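An overview of the molecular structure
As a plain string of letters, each chain reads:
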Amino acid sequence: MKLGVVGLPNVGKSTLFNAITKAGAQAANYPFCTIEPNTGMVLVPDSRLDVLADMYHPKKVTPTTIEFVDIAGLVKGASRGEGLGNKFLSHIREVDAIVHVVRCFVDENIIHVDGSINPARDIETINLELIFADMDTVKRRMEKATKNFRGGDKKAGVEVDLAERIYAHLESGKPARTFQVTDDEKEIVDGWFLLTTKPVIYAANIAEDDLGKDPADIPGLADMEAMAKEEGAEVLVISAAIEEEIAQMEPDEKAEFIEELGIGQSGLDRLITACYRLLGLISFLTAGEDECRAWTIKNGTKAPQAAGKIHTDFEKGFIRAEIVPFDTLRELGSMAACKEKGLVRSEGKDYVMKDGDIVLFRFNV
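It should be emphasised that the depicted structure is a prediction, and the values quoted were computed from it without experimental measurement. (Residues numbered from 1 in each chain as written. Predicted model: local features only at pLDDT ≥ 70, side-chain atom pairs only at ≥ 80, totals over all residues. Heavy atoms only, no water.)

Our focus in this paragraph is the sheet that holds strand β1 (residues 2-6). The pairing of strands in a sheet comes from backbone hydrogen bonds and takes either a parallel or an antiparallel form. An order of β2-β4-β1-β5-β6-β7 is seen for the six strands of this open sheet, with the pairing classed as mixed. Edge positions in the sheet fall to β2 (38-43) and β7 (234-238), since each of these pairs with one other strand and no more. The average angle at which neighbouring strand axes cross in this sheet is 25°, direction not considered. As paired elements, strand β6 (residues 200-205) and β7 share five bridges and run parallel to each other. Across the sheet, Asn-205 pairs through a bridge with Ile-238, a residue of β7. Its contacts with the sheet put helix α1 (residues 13-21) on β1, β2, β4 (65-70), β5 (97-103) and β7, and the angle it makes with β4 is roughly 155°. On the sheet, helix α4 (residues 119-150) packs against β5 and β6 and is oriented at approximately 145° with respect to β5. (Pairing = 2+ DSSP bridges. Helix = DSSP H or I, 4+ residues; strand = E, 2+ residues; numbered from the N terminus. Axes fitted to C-alpha atoms, helices over the stretch in contact; angles between N-to-C directions. Contact = heavy atoms within 4.5 Å.)

Laid out in structure tokens, this is it:
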């Protein structure tokens, strides 16, 4: 999973990226400090692996990972190549989802490119630039399909009609992800690689002192949440400054600090949970003396395809999957106890994997 961290210059984007990846991307108070995208791999925290490690004492424990990409700040006119627009747009095409950092804090020492704090306006600035870029893409597709249709390709007529409808939708200021399509139309649109089809999480970067306050008391947050609701997006309230503090702490100190703040989880943990939900992802687990490991798959993935995540031979020669839910294994304390009670299921090719399945794949090649 590859997440692009985007936002206007000086909204705390790189500070947040540094905090969650500890990758040390440069953060400074001037536009375009980030030019080439910084990348950082983050281990996905999963307490189930800790339980399995205590049970199996494996040689290795391997969580799944997420790749974060810190992309250069965007400004008005990016779709026409202003600022670092062309680089921004090319980098954003490569990610699976967008974490859009929006400034909701007031700090006279950090300039705002538009001179004032207005989250709704800032969201619109970036969304419109992405929409303008998509309109250019759709227009080119429409012209090509029209030419093919006139040349006798009847299937191209379907693409012309679809392109015209999506173009009108974009022209009204709405992202392509809010345009309703059939399964067949989705297959066509997916091939256009539109920027605004990518799912988005809006990260409201608030001041340290505003943590825990009513949204109505935080600059522009209520307006931002209303905008996100209109397009079916999620808002994650986070303080990049606090996340930077948390990133420097030892595990015990970190847990104590988070408890004192009353936030339940770090921003990173909440962001990962939100991204899994956004992209429809789940994790299954494998366990043994050599390794306990988490594997990320799309919700709805069947057993053979899940096996293929481990090795292609597992999918090709799939026979069955021996499965026990994590909660059952934890309750009984061992796989042997689960087998004695007949709670280890044997599932075939049509089995749809569940989050937290502990699985042993049987295969033959």
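There is more to say, and it comes next.
It is worth spelling out the pairing of β5 at this point. Buried residues dominate β5, accounting for seven of its seven residues. Judged by which residues are buried, β5 turns out to be covered on both faces: Ala-97, Val-99, Val-101 and Arg-103 on one side and Ile-98, His-100 and Val-102 on the other are all buried. Relative to β5, β1 runs parallel, the two being bridged by four bridges. Considered in β5, the bridge of Val-5 is made with Val-99. Pairing geometry for β5 and β6, over six bridges, is parallel. (Buried < 20%, exposed > 50% of the residue type's maximum accessible area, 1.4 Å probe, protein only.)

It is at 8 Å that the axes of α4 and helix α5 (residues 154-171) come closest, and there the two elements cross at 155°. With respect to each other, α4 and α5 are oriented roughly antiparallel. Considering only the axes of α4 and α5, their crossing is left-handed. Across the interface between the two elements, Ile-131, Asp-134, Met-135, Val-138, Lys-139, Arg-141, Met-142, Ala-145, Thr-146, Asn-148 and Phe-149 of α4 pack against Lys-154, Ala-156, Gly-157, Glu-159, Val-160, Ala-163, Glu-164, Ile-166, Tyr-167, Leu-170 and Glu-171 of α5. In the contact of α4 with α5, the residues fall into 12 nonpolar, three polar and seven charged. (Parallel < 35°, antiparallel > 145°, perpendicular 65-115°, else oblique. Left-handed = near helix turned anticlockwise from the far one by under 90°. Nonpolar A, V, L, I, M, F, W, Y, C, P; charged D, E, K, R; others polar.)

Looking only at helix α11 (residues 303-310), the buried set comprises Ala-303, Pro-304, Ala-306, Ala-307 and Gly-308. Where α11 is buried, its residues meet β8 (281-286), β9 (291-298), α12 (312-316), β10 (318-325) and β12 (357-363).

To continue, consider the pairing of β4. Of the strand pairs in this sheet, β1 and β4 are connected by four bridges, and their pairing is parallel. By the bridge assignment for β4, Lys-2 is matched with Glu-67. The pairing of β2 with β4 spans six bridges and is classified as antiparallel. The residue of β4 that forms the bridge with Thr-39 is Val-69.

Spatial relationships are all this shows, so hold off on functional conclusions.
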